[in-house]
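Listed here are the chains, written in short residue letters.
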Amino acid sequence: MDTIDERKAIVQQIALSDTQKDIKLDILRLDLIHPVISGNKWYKLKKNLDYAVRNGFEGVLTFGGAHSNHLIATAHAAKLSGLQSVGVIRGMYHELQLTDTLLQCISEGMQLHYVSKENYNKKEEPEWLEFLLKSYPGMYVIPEGGANALGREGAEDIVRIIDREYTAVCCAVGTGTTFIGLRNALSQSIKMLGFVPMKGGKYLEEEVGKYTGAGGWRLFDEWHFGGFGKWNKELVKFMNDFYSKHTVPLDIVYTSKMMYGVQALMSENYFPPHSRILCVHSGGLQGNASVQHELIY
Ligand SMILES: *Cc1c(COP(=O)(O)O)cnc(C)c1O
C-alpha cells in the first residue's frame, strides 16, 4: 500500500573511528518514511494538506525550481489526499527541456505553470498571487518549501521520535522551516545546529530568529561547495565513503553537506567529550539522479 509510515524513521548508529572522547553519533533516517514523499517534506506538508481537505479546497498550489524535492513530494502527497496540485515553476521550460523532477511531477498528476524568474520572485506578493489564482480557483496556496506556520508546526512532530538524551541535533537548512520546528519543540538543553548548503546562507539567521528567538541554535554556511546544488569530486567521494562505511545514502544537495560539516566540526573538536549527536537525514535522494553515474548506490 502506498502510505506514509512515520514509524519507518529509524535511528541508526554511526560508528566513529575516534571513540576516545566518548562521542556518539546517530542519524535519524527520515528518508525511509516514503520513497517519494521523503524526509522532512512530509512533515512540512501534512498539516497543510489536512487544512486544504478540511476546508473544502480542490487542491493545492505551490512553488519550486526545476529540481525541487518539495514539488515532487507535494504532487504525490496531494494525490494521496485526493487533492489536485499545481506547481508554479521558476523559469520558462520548453517541453523538451524538462528535468527528471518536472517529468515526475507531471506523472504524479501535477499541473505545471511556468513563470519567468522575475515573476517567480513575486510569489509572496498578494496581488500577484490573486492574479495567479484566477487561473486556478479553489487552490490552497502552500509557499515554496512548505515554509509557513503549518509547515513549522508539522516539523515539530519530528521531535516525537527524538530521544531526550541528545546534546546536539543537526539538520540541513533550506528555508529553515524544519530547523525552526525542531528548535521550537526540542528541549532547550539540546543545541540545534543547522547546515546551510548555499553561499552566504547566514542570511537565514534572521528568518530563524523571527520564529525561535535567540539562543540554543547556530547556523553554519561554510560547507556549501560552491553554492546551492553545486558539488565537486571531494563531496562525491565523501558520499561514496559514507555509504561504504555506514550504508547510509546521502543526497548531493543537503544531507551530504551537513554530514561533511558535522565531520569537519568533529575533527576541529567542536563537540565536547560525552556529546550525543543526532543528525536528521531529511531525505532528498531523488535529487541524486543527476549524479547517479558518480555514485556507488
Ligand atoms: C528541502 C530539504 C531540506 C530543507 O528543508 P527546510 O525546511 O526548507 O529548511 C533539507 N534537506 C532535504 C533533503 C531537503 O529536501
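Residues numbered from 1 in each chain as written. Predicted model: local features only at pLDDT ≥ 70, side-chain atom pairs only at ≥ 80, totals over all residues. Heavy atoms only, no water.

J.: Please clarify how the site of the ligand should be interpreted in this entry.
T.: Close to the ligand lie 16 residues; K41, G174, T175, T178 and S282 are nearest. At 2.8 Å from an oxygen atom of the ligand is found a side-chain nitrogen or oxygen belonging to K41. Notes on the ligand: free accessible area 390 Å², of which the protein chains cover 97%. Contributions of two or more residues to the shell around the ligand are made by helix 1 (40–54) and helix 7 (177–185). Per element, the largest residue contribution to the shell around the ligand is three residues, and it comes from helix 1. (Near = heavy atom within 4 Å. Polar contact = N/O pair within 3.5 Å; in protein donor to acceptor, adjacent residues only side chain to side chain. Areas by Shrake-Rupley, 256 points an atom, 1.4 Å probe, with all protein chains shown as cover. Helix = DSSP H or I, 4+ residues; strand = E, 2+ residues; numbered from the N terminus.)

J.: Looking at this structure, I do not really get unusual backbone geometry. What am I missing?
T.: Leave glycine aside and you will find that most residues have negative phi; peptide bonds, for their part, are mostly trans. Even without being a glycine, F225 presents a positive backbone phi close to 55°. Along the chain, the position of F225 falls in the loop between strand 9 (217–220) and helix 9 (233–246). F225 sits in the buried class, given a relative accessible area of 15%. You will see that H274, though not glycine, has its phi angle at about 70°, which is positive. As for its position among the elements, H274 is in the loop between helix 10 (255–267) and strand 10 (276–281). (Buried < 20%, exposed > 50% of the residue type's maximum accessible area, 1.4 Å probe, protein only.)

J.: Is there a simple way to think about the sheet that holds strand 5 (residues 111–115) in this case?
T.: Strand order in this open sheet of four strands is 5-4-3-6, and the pairing throughout is parallel. Of all the strands in the sheet, just strand 5 and strand 6 (139–141) have a single pairing partner and so form its edges. Neighbour to neighbour, the strand axes of the sheet diverge by 25° on average, direction disregarded. The sheet contact formed by strand 3 (residues 59–64) and strand 4 (residues 84–90) spans six bridges and is parallel. Paired with G59 across the strands is Q84, a residue of strand 4. (Pairing = 2+ DSSP bridges. Axes fitted to C-alpha atoms, helices over the stretch in contact; angles between N-to-C directions.)

J.: Sorry if this is basic, but what is going on with the packing of aromatic side chains here?
T.: The geometry of two aromatic rings is summed up by the distance between their centres and the angle between their planes. The final tally for this structure, using the stated rule, is 16 aromatic pairs. Note on F195 and W223: the rings are 6.2 Å apart at their centroids and 40° apart in plane angle, and the pair reads as tilted. In this pair, F195 sits in strand 8 (residues 191–195) while W223 sits in the loop between strand 9 and helix 9, placing the two residues 28 residues apart along the sequence. Pair check on accessibility: F195 and W223 agree, each one buried. Aromatic side chains F228 and Y254 sit 5.7 Å apart centroid to centroid with 70° between the ring planes, which places their arrangement in the edge-to-face category. Taken as a pair, F228 in the loop between strand 9 and helix 9 and Y254 in the loop between helix 9 and helix 10 lie far apart in primary sequence, 26 residues in all. Judged by its relative accessible area of 47%, F228 falls in the partly exposed class. On the basis of relative accessibility, which here comes to 19%, the residue Y254 falls in the buried class. Clustering of aromatic rings is evident, with ring pairs tying together F195, F220, W223, Y270 and F271. Across the ring face of Y254, the terminal group of K41 is positioned such that the distance to the ring centre comes to 5.7 Å. (Phe/Tyr/Trp six-rings, centres within 6.5 Å; stacked < 30°, edge-to-face > 60°. Lys NZ or Arg CZ within 6 Å of the ring centre and 35° of its normal.)

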